[in-house]
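Analysis of the macromolecular model
What follows is the residue order along each chain.
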Amino acid sequence: MTRLPGADRPATPLGRREIRDRALFDMEDGPVTPSNRAELTSVARLLNALLASLIVSSLQYEQHALLVRAPSHRAVATYLYDCSDADRRGARLLAARVRQLGFAADHDPRHLVARSYVTFQTFSDDDLAGIVTQELIAVRILVQTMQEAVRWIADTDPTTRRLLERLLEDKEAQADELSAQAAADRRNTP
C-alpha cells in the first residue's frame, strides 16, 4: 500500500485544545503568542532602526520636494511629496508593530539620525540631478536593509515579515521610479 506524503501528520499543526491553551497563556502579551519564535528585543531594535530610517527618509523627501521649483519639474516635486507621505505611513505601521511586540517605538529626534540607515543630505535649489541621485541612494539603502531584515526574520515572526515585505515592495517601486527619473535627467543633461 502506497502512503501519500504527509499522511502520517495530523490534519492541522495544533489541536483545538492546544491552540486554546496557548492563547490563554500570558494573555497580557496581546498578539504575541508562544508560536512567535522571534527574539523580540532584537526585532524591536531592528524595527526602531527602520522606523528612524523611514522618518529621516520622509524628512529628506519633503525637503527635496521643497527645493524643486522649476515649473517643468512639478511632477517630480509631487512624487517626492508622495514618497514622503508613504514613508510616514510606513513609519506609523512599524511603530504600531513595535508596540504590538510589547516595546516602545522611539521617535525621539535626538536619536533618529544615529539609528537611521539613511543619511540626510540636502542640495541647493533646483539641483534636480543631485536630489534624485540622493533619493535613489537612500531608497536603495532601505531596499537592501529591508531585504536583509526579511531574510533575518524568516518564519520566526510572520506578521513582522509580511509588514516588512509590504514596505519593501513600496520601496522597490520608489527605486524603480527614481531610477527612471535619474536616467531621464542624464539624457537631458548637455
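Residues numbered from 1 in each chain as written. Predicted model: local features only at pLDDT ≥ 70, side-chain atom pairs only at ≥ 80, totals over all residues. Heavy atoms only, no water.

This part covers the side chain of D157. Its place among the elements puts D157 in the loop between α5 (128-153) and α6 (158-188). A relative accessible area of 1% places D157 in the buried class. A polar contact of 2.9 Å, which involves the side chain of D157, links it to the side chain of R97. (Helix = DSSP H or I, 4+ residues; strand = E, 2+ residues; numbered from the N terminus. Buried < 20%, exposed > 50% of the residue type's maximum accessible area, 1.4 Å probe, protein only. Polar contact = N/O pair within 3.5 Å; in protein donor to acceptor, adjacent residues only side chain to side chain.)

For the structure shown, the criterion picks out 8 salt bridges. What you see here is one network of salt bridges that share partners, running through E62, D85 and R88. (Salt bridge = Lys/Arg side-chain N within 4 Å of Asp/Glu carboxyl O.)

Note on helix geometry: an α-helix contains 3.6 residues per turn, so any two residues three or four positions apart are oriented the same way. The end-to-end C-alpha distance of α5, which contains 26 residues, comes to 37 Å, matching closely the 38 Å that a straight helix rising 1.5 Å per residue would cover. Two residues or fewer past α5, A154 is found with a positive phi of approximately 50°. (Expected span 1.5 Å × (residues − 1).)

What follows deals with α6. Compared with an ideal rise of 1.5 Å per residue, which puts 31 residues at 45 Å, α6 spans 45 Å between its outermost C-alpha atoms and is within 8% of the ideal. Turning to α6, its buried residues are T160, L163, L164, L167, L168, K171, Q174, A175, L178, A182 and D185. Where α6 is buried, its residues touch α2 (40-67), α3 (74-100) and α5. (Contact = heavy atoms within 4.5 Å.)

Soluble, globular proteins show a tendency: their nonpolar side chains are buried together. Ranked by internal contacts, the top residues of the largest apolar core, which has 29 residues, are L47, L50, L54, L94 and L164. Counting only elements with at least two residues in this core, the list comes to α2, α3, α5 and α6. Ranked by the residues each element gives to this core, the list is headed by α2, at 10 residues. Other than its neighbours up to four places away in sequence, L50 contacts L94, Y117, T145, M146, A149 and L164. Listed in part, the 17 residues of the second largest apolar core include V76, L80, V132 and A175. (Core = buried A, V, L, I, M, F, W, Y, C linked by side-chain atoms within 4.5 Å.)

Before going further, it helps to examine the side chain of S116. With respect to the secondary-structure elements, S116 resides in the loop between α4 (109-115) and α5. Classification of S116 as buried rests on a relative accessible area of 12%. Polar contacts involving the side chain of S116 include one to the main-chain carbonyl oxygen of V118, which spans 2.8 Å. Other than its neighbours up to four places away in sequence, S116 contacts A49, A52, S53 and V56.

The interhelical angle for the contact between α2 and α3, taken along N-to-C directions, is 160°, at an axis separation of 8 Å. As summarised for this structure, α2 and α3 are arranged roughly antiparallel, according to the angle between their axes. The element α2 and its partner α3 pack so that their crossing is left-handed. (Axes fitted to C-alpha atoms, helices over the stretch in contact; angles between N-to-C directions. Parallel < 35°, antiparallel > 145°, perpendicular 65-115°, else oblique. Left-handed = near helix turned anticlockwise from the far one by under 90°.)

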